[in-house]
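Spelled out, the chains give:
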Amino acid sequence: QCFHSGPPYDHEWVELALDRVYQVGQVSLLNRGDHGWQNAVGIVVKICRDGDVPDCEICGQVTTGPAGDWINIQCDPPIEGNVIRLEQHSKPLHICEVTFRERGSDSA
């Protein structure tokens with residue numbers, strides 16, 4: 001199952017609440033393998049505290065989106081937060097899975 005936002009495509013976003021505050025060092029997105037895979041390009045990845053949008057920090061932005069493959073965005077330096085927010089402007093937001101790694105952690 002993949003997430004696909006609906007029209008109008010003027011400022012699409014989705015938030016993923018984490019179970020606690022983490023030092024997020026990497027966010028990985030699984031891109032669609034079928035139609036719409038190119039819509040991953042341009043996604044902005046933000047880390048927030050309690051979903052407070054003005055207090056979100058940008059981790060990075062997707063610059064390439066291979067079909068059906070994982071896209072890794074490094075947060076350098078790591079960002080403290082408990083919400084991962086994905087934003088897409090002017091086109092649909094398509095994504096299949098989201099994982100993250102804490103700073104210094106090998107597990108997601």
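Residues numbered from 1 in each chain as written. Predicted model: local features only at pLDDT ≥ 70, side-chain atom pairs only at ≥ 80, totals over all residues. Heavy atoms only, no water.

(A) Inspection of the pattern of salt bridges at higher detail. Applying the stated criterion to the full structure yields six salt bridges. When the shortest N-O distance is used, the salt bridge between Glu-15 and Arg-85 registers 2.8 Å. Of this pair, Glu-15 sits in strand β2 (residues 12-30) while Arg-85 sits in strand β5 (residues 70-88), and the two are 70 residues apart along the sequence. Judged by relative accessible area, which is 31%, Glu-15 ranks as partly exposed. Residue Arg-85 is classed as buried on the basis of its relative accessible area, which comes to 5%. Here Arg-20 makes a salt bridge to Glu-102, at a shortest N to O gap of 3.6 Å. On the criterion of sequence distance, the pair formed by Arg-20 in strand β2 and Glu-102 in strand β7 (residues 97-102) is long-range, its members being 82 residues apart. Among the residues examined, Arg-20 registers a relative accessible area of 42% and is labelled partly exposed. Put simply, Glu-15, Lys-46, Arg-85 and Glu-87 are held in one network by salt bridges that share partners. (Salt bridge = Lys/Arg side-chain N within 4 Å of Asp/Glu carboxyl O. Helix = DSSP H or I, 4+ residues; strand = E, 2+ residues; numbered from the N terminus. Buried < 20%, exposed > 50% of the residue type's maximum accessible area, 1.4 Å probe, protein only.)

(B) Layout of the nonpolar core. Among the nonpolar cores identified, the biggest contains 21 residues, and Val-27, Leu-29, Ile-43, Val-45, Ile-47, Ile-84 and Leu-86 are the most heavily contacted of them. Looking at this core, the elements that each hand over two or more residues are β2, β3 (44-48) and β5. (Core = buried A, V, L, I, M, F, W, Y, C linked by side-chain atoms within 4.5 Å.)

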